[in-house]
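Chain by chain, the residues run as shown.
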Amino acid sequence: PESSVQAQKAYRSDIIVPLDELPPYHITRERLLHSVFLSHRWEARSLKEHLKDVRQQAMYCVVHGGIEEDLRQVSIDYLSS
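Only a predicted model underlies this, so the values are computations on that prediction, with no experimental measurement involved. (Residues numbered from 1 in each chain as written. Predicted model: local features only at pLDDT ≥ 70, side-chain atom pairs only at ≥ 80, totals over all residues. Heavy atoms only, no water.)

**Regarding the overall build of the chain**
Phase 1 of the analysis: Each helix and strand in the chain was counted, giving 3 helices and 2 strands.
Phase 2 of the analysis: Overall, the chain shows an N-to-C arrangement of helices and strands of α-β-α-β-α.
Phase 3 of the analysis: Seen through its principal axes, the chain has C-alpha atoms that stretch 40 × 25 × 15 Å.
Phase 4 of the analysis: Split into buried and exposed, the 81 residues of the chain put 30% on the buried side.
Phase 5 of the analysis: Summarising the internal contacts of the chain: among those between residues at least 6 apart in sequence, 60% fall at separations of at least 24. (Helix = DSSP H or I, 4+ residues; strand = E, 2+ residues; numbered from the N terminus. Buried < 20%, exposed > 50% of the residue type's maximum accessible area, 1.4 Å probe, protein only. Contact = heavy atoms within 4.5 Å.)

**Brief notes about unusual backbone geometry**
Phase 1 of the analysis: Phi angles above zero are rare outside glycine, and Arg12 is one such case at about 60°.
Phase 2 of the analysis: Inspection of the secondary structure puts Arg12 in the loop between helix H1 (2–10) and strand E1 (15–16).

**So, the packing of helix H2 (residues 29–51) against helix H3 (residues 69–79)**
Phase 1 of the analysis: Taken N-terminus to C-terminus, the directions of H2 and H3 make an angle of 15°; their axes are 11 Å apart at the nearest point. In terms of orientation, H2 and H3 fall into the roughly parallel class. Note on packing geometry: the crossing formed by H2 with H3 is right-handed. Counting all contacts with H2, which are made through Arg29, Leu32, Leu33, Phe37, His40, Glu43 and Ala44, the residues of H3 involved are Asp70, Leu71, Val74, Ser75, Tyr78 and Leu79.
Phase 2 of the analysis: Of the residues that constitute the contact of H2 with H3, the class distribution is 8 nonpolar, 2 polar and 3 charged. (Axes fitted to C-alpha atoms, helices over the stretch in contact; angles between N-to-C directions. Parallel < 35°, antiparallel > 145°, perpendicular 65-115°, else oblique. Left-handed = near helix turned anticlockwise from the far one by under 90°. Nonpolar A, V, L, I, M, F, W, Y, C, P; charged D, E, K, R; others polar.)

**Here's the deal with the environment of Leu47**
Phase 1 of the analysis: By secondary structure assignment, the location of Leu47 is in helix H2.
Phase 2 of the analysis: Sequence separation between Leu47 and Ile16 is 31 residues; the distance between their C-alpha atoms is 9.7 Å.

**Thoughts on a nonpolar patch on the surface**
Phase 1 of the analysis: Among the surface-exposed residues, Ile15, Val17 and Tyr60 lie close enough to one another that they form a single nonpolar patch of about 270 Å² accessible area.
Phase 2 of the analysis: Overall, the relative accessible area of 39% leaves Ile15 in the partly exposed class. (Patch = residues over 30% accessible without salt bridge, like charges linked within 9 Å, V, L, I, M, F, W, Y side chains within 5 Å. Areas by Shrake-Rupley, 256 points an atom, 1.4 Å probe, with all protein chains shown as cover. Salt bridge = Lys/Arg side-chain N within 4 Å of Asp/Glu carboxyl O.)

**Quick notes on the pattern of salt bridges**
Phase 1 of the analysis: Under the defined criterion, the tally for this structure stands at 6 salt bridges.
Phase 2 of the analysis: Between Glu68 and Arg29 there is a salt bridge, with its nearest N and O atoms 3.3 Å apart. Of this pair, Glu68 sits in the loop between strand E2 (58–59) and H3 while Arg29 sits in helix H2, and the two are 39 residues apart along the sequence.
Phase 3 of the analysis: Glu68 sits in the partly exposed class, given a relative accessible area of 29%.

**Looking at the side chain of His40**
Phase 1 of the analysis: Along the polypeptide, His40 turns up in helix H2.
Phase 2 of the analysis: Looking at His40, the relative accessible area reads 3%, which means it is buried.

Below you can see the structure in the form of structure tokens.
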């Protein structure tokens, strides 16, 4: 996650997108939940790296949870906290 942020900063990106996992469509709910939490950990690490040197760059978050509305809400709640 940190090297992804560093690379986007080196390219002088206006908007930085944190590293996340994009799971396939047909996976179990358990596997999807694992992916959501993995991406949240990576997004937290990415934000920490970004905040070391914000410059004039923004960082977006990526909502996860696939088509599971309750997992998407978990992701929204985490990312907006």
